[in-house]
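# Analysis of the macromolecular model
Residues per chain, in single letters:
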Amino acid sequence: MTEALQKFAPILDPLQLNHPGVDVAVVTLLGSLCPVTLAHVQGFMEARRLLKGEDDSLRPTQLEQFQEVVGFIALNPDEYVVPKVHGKGQCCLDFAGRK
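The following paragraphs examine the structure supplied in this document. (Residues numbered from 1 in each chain as written. Predicted model: local features only at pLDDT ≥ 70, side-chain atom pairs only at ≥ 80, totals over all residues. Heavy atoms only, no water.)

## Considerations on the overall build of the chain
Along its length, the chain carries 4 helices and 2 strands. Each helix and strand of the chain, ordered N terminal to C terminal, gives the series α-β-α-β-α-α. Whereas a compact globule of 99 residues would reach a radius of gyration of roughly 13 Å, the chain reaches 17 Å, over 25% beyond that. Across its three principal directions, the C-alpha atoms of the chain cover 50 × 35 × 20 Å. Here the chain holds 99 residues, and the buried ones make up 20% of them. Restricting the contact set of the chain to residue pairs at least 6 apart, pairs at least 24 apart contribute 56%. On the chain, roughly 7200 Å² of surface is accessible, and the fraction owed to carbon and sulfur atoms is 58%. When the 9 basic and 12 acidic side-chain charges of the chain are each reduced to a single mean position, those positions are 6 Å apart. (Helix = DSSP H or I, 4+ residues; strand = E, 2+ residues; numbered from the N terminus. Rg over C-alpha atoms; globule rule 2.2 N^0.38 Å. Buried < 20%, exposed > 50% of the residue type's maximum accessible area, 1.4 Å probe, protein only. Contact = heavy atoms within 4.5 Å. Areas by Shrake-Rupley, 256 points an atom, 1.4 Å probe, with all protein chains shown as cover. Lys, Arg positive; Asp, Glu negative; His and termini not counted. Charge placed at Lys NZ, Arg CZ, Asp CG, Glu CD.)

Structure, rendered in structure tokens:
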């Protein structure tokens, strides 16, 4: 099992045990998230609607339909975020503050 699967096993395993045969989509977001904004949350909500087929008018016709969707956020490290944000003349939250 990969490290990522092991890390998320406490969340994903109960889905599989309690809902056998159910297709679950996993949506991930990697970024600075300094801070998490409404747009980040709306992105997850839109992905959920599309993957579950709740809005057929916007859904690609060949996209598989899922019964449930889970989302995970991964944060870029400070070594990447601090120079990026400071280069724009802005202040940023450190990793602990973004977590």
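## Re the nonpolar core
Counting 6 residues, the largest nonpolar core consists of A25, V27, A47, L51, F66 and V69. At the level of secondary structure, the elements contributing two or more residues to this core comprise β1 (24-31) and α2 (38-52). Contact partners of F66, with chain neighbours within four places excluded, come to D23, V24, A25, L51 and K52. (Core = buried A, V, L, I, M, F, W, Y, C linked by side-chain atoms within 4.5 Å.)

## Looking at the pattern of salt bridges
Under the defined criterion, the tally for this structure stands at 5 salt bridges. Where E68 meets R48, a salt bridge forms, and the shortest distance between an N and an O atom there is 3.1 Å. Here the residue E68 occupies a position in strand β2 (residues 68-75), and R48 occupies one in helix α2, the gap between them amounting to 20 residues. Residue classification places R48 among the partly exposed residues on the basis of a relative accessible area of 32%. Connected via shared salt-bridge partners are R48, K52, E54 and E68. (Salt bridge = Lys/Arg side-chain N within 4 Å of Asp/Glu carboxyl O.)

## What to know about α2
Under the 1.5 Å per step criterion, the end-to-end length of α2 is 21 Å for 15 residues, consistent within 8% with the ideal 21 Å. Every buried residue of α2 is listed here: A47, L51 and K52. Here the buried residues of α2 occupy an arc of 115° about the axis, which is enough to place them on one side. Away from its buried face, by an angle of more than 90 degrees, α2 presents the exposed residues L38 and A39. The inward-facing, buried residues of α2 abut β1 and β2. Phi for G53, located one or two positions after α2, is positive at around 75°. (Expected span 1.5 Å × (residues − 1). Arc of directions from axis to C-beta.)

## Quick look at the side chain of N76
Looking at where N76 falls in the secondary structure, it is placed in the loop between β2 and α3 (78-87). In contact with N76, not counting residues within four places along its chain, are L30, G31, S32, V81, F95 and R98.

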